[in-house]
Amino acid sequence: MSPRKVCLLAGGVGGAKMAEGLAAHDDVALSVIGNVADDESFHGLWVSPDIDTLTYSLAGRIDRAQGWGVADEGHRALETLKLLGAETWMSLGDRDFGLHIHRTMRRAKGDRPSDIARDVARAFGVTPEILLPTDDVVQTRLRTTDGRWLSFQEYFVRERCAPEIREIAFTGMDMARSTPEALAAIAEAELIVVAPSNPLVSIAPILGIPGIGQALRAATAPKIAVSPFIDGRVVKGPADRMMAALGLRADALGVARRYSGLADRLVIDHADAALGAEIATAGPVPHCSDILMKTQADKARLAREILDLAFAPAEAVA
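Because the structure is predicted, anything quoted here is derived from the model rather than measured.

(A) Representation of the packing of helix 1 (residues 12-23) against helix 13 (residues 296-311) within the structure. Between helix 1 and helix 13, the least distance of the axes is 7 Å, while the angle of their chain directions is 70°. One finds that helix 1 runs roughly perpendicular with respect to helix 13. For the pair helix 1 and helix 13, the contacting residues are K17, M18, E20, G21 and L22 in the first and Q296, K299, A300, L302, A303, I306 and L307 in the second.

(B) Structural context of unusual backbone geometry. Its identity is not glycine, yet C161 carries a phi of approximately 60°, on the positive side. Judged by relative accessible area, C161 falls into the buried class, the value being 12%. Its identity is not glycine, yet D231 carries a phi of approximately 55°, on the positive side. Residue placement: D231 occurs in the loop between strand 11 (229-230) and strand 12 (233-234). By relative accessible area, which is 53% here, D231 ends up exposed.

(C) Examining the nonpolar core more closely. Counting 49 residues, the largest nonpolar core has L9 and I192 as its most contacted members. With five residues, the top contributor of residues to this core is helix 8 (residues 199-207). If we skip the residues at most four places from it in the chain, L9 touches I33, I192, V193, V194, A195, I203, I206, L207 and L216. Counting 32 residues, the second-largest nonpolar core is a separate cluster that includes A10, L30, V32 and V193.

(D) Inspection of the pattern of salt bridges at higher detail. Per the stated rule, a full pass over the model turns up 23 salt bridges. Ionic pairing is found between R118 and D119, a salt bridge with its closest N-O pair at 3.0 Å. The partner of R148 in a salt bridge is D146, with the nearest N and O atoms 2.9 Å apart. In the salt-bridge network here, residues are joined through shared partners; they are R106, D111, R112, D115, R118, D119, D135 and E181.

(E) Representation of the pairing of strand 2 (residues 28-34) within the structure. Taking burial as the measure, the seven residues of strand 2 include six buried ones, the bulk of the element. Relative to strand 2, strand 1 (residues 4-10) is paired through seven bridges, and the arrangement is parallel. Paired with R4 across the bridge in strand 2 is V28. Viewed along the sheet, the connection from strand 1 through helix 1 into strand 2 turns out right-handed. Across three bridges, the pairing between strand 2 and strand 5 (residues 129-131) is parallel. Pairing of I33 across the sheet is with L131, part of strand 5.

(F) View of the pairing of strand 9 (residues 191-194). Alternating positions in strand 9 separate into two faces, L191 and V193 on one and I192 and V194 on the other, with burial throughout. Taken together, the four bridges between strand 1 and strand 9 define a ladder with parallel strand orientation. Within strand 9, the position partnered with V6 by the bridge is L191. Both strand 9 and strand 10 (residues 223-226) contribute to a ladder of three bridges, which runs parallel. Counterpart to V193 in the pairing with strand 10 is I224.

(G) Examining helix 5 (residues 113-123) more closely. All of the buried residues in helix 5 are P113, S114, D115, I116, A117, V120 and A121. Of the surrounding elements, those touching the buried residues of helix 5 are helix 2 (49-58), helix 4 (94-108), strand 5 and helix 7 (180-188). G125 occupies a position one or two residues after helix 5 and carries a positive phi of about 80°.

(H) The arrangement of helix 2 in detail. Of all ten residues making up helix 2, ten are buried, and the element is well covered by its neighbours. Among the residues of helix 2, P49, D50, I51, D52, T53, L54, T55, Y56, S57 and L58 are the ones counted as buried. Looking one or two residues past helix 2, G60 carries a phi angle of roughly 75°, positive in sign.

(I) The arrangement of the sheet that holds strand 8 (residues 165-171) in detail. The three strands lie next to each other as 7-6-8, forming an open sheet whose pairing is antiparallel. Two strands close off the open sheet at either side, each with one partner strand: strand 7 (149-151) and strand 8. Strand after strand, the sheet turns through a mean of 30° between neighbouring axes, direction not considered. Note: strand 6 (residues 139-144) against strand 7, three bridges, orientation antiparallel. For R141, the partnering residue across the bridge sits in strand 7 and is S151.

(J) Summary view of the side chain of S289. Mapped onto the elements of the fold, S289 is located in strand 14 (residues 285-289). Beyond its immediate sequence surroundings of up to four residues, S289 is in contact with V267, I268, D269, H270, R301, L302 and E305.

(K) Fine view of the environment of I186. Relative to the assigned elements, I186 resides in helix 7. For I186, the residues in contact, after removing those within four places along its chain, are C7, I33, I192, I212, A215, L216 and A219.

What counts as what
Residues numbered from 1 in each chain as written. Predicted model: local features only at pLDDT ≥ 70, side-chain atom pairs only at ≥ 80, totals over all residues. Heavy atoms only, no water. Axes fitted to C-alpha atoms, helices over the stretch in contact; angles between N-to-C directions. Helix = DSSP H or I, 4+ residues; strand = E, 2+ residues; numbered from the N terminus. Parallel < 35°, antiparallel > 145°, perpendicular 65-115°, else oblique. Contact = heavy atoms within 4.5 Å. Buried < 20%, exposed > 50% of the residue type's maximum accessible area, 1.4 Å probe, protein only. Core = buried A, V, L, I, M, F, W, Y, C linked by side-chain atoms within 4.5 Å. Salt bridge = Lys/Arg side-chain N within 4 Å of Asp/Glu carboxyl O. Pairing = 2+ DSSP bridges. Right-handed = clockwise from strand over helix to strand, strands pointing away.

Any functional reading would require information beyond the geometric quantities listed.
What follows is the structure, encoded as structure tokens:
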């Protein structure tokens, strides 16, 4: 049997872990549409944190301890920049700088960001297709209670998620165009998976690109989302605080409501089984599992369970 075409929507560490789990199976031909709304310029270089986390993770080069950046990294370039008076709150390692230099040089030549991401992934030995939802610049902006507008990296890294937010906006979204590669991956997919990523700042910027959300809703493939919440808390990141600050349910039920009309099923943790009836009312059919991905084996096991939910006979997964 030919490998099943699986399209994953992913952002952040949770998205990279889900990508690794799906990529571990030989019967999967994986395409990953990553979040680009966290992209920003640092020291004159264009940095794409979520795409790079996907690339480093699938290449086996990720710093496992922190979940992002490159393993066996140094920071001599950053030390020099600090000595010269530059702001260095965005921790970029020496190996990481090499990728950002390459990306910036190619963008300056006019190369498509999608082509750059593809070529980088291939150079790193990544087999799954890493796709951009758009080649245009779309950036997350967060308005805090004191009226400031912060970029995502300013909020997440510099401010350590401390400010309470009041609004999320995506600059450039209305003018952005979806990439043909992303639309083709959605249309040709036999399964579409929404990773356990932050629904507000990892998945929403993908869904909001004109054409992407419409293509997903029109796709006939099964659509399975994975909750980033376990017993009302996220494993990593600020999704719980952000959703609560915006008046949304900060739990698996809140995720179900966000994905109503998009996901057919929502994989939740056993700790959230009591929310099952309300989740079903919200739209997606809940499926309980152990969704915490601590090890590579955890990632592969959860991915296999999702594949079985989509493709195995009903009696085999009941």
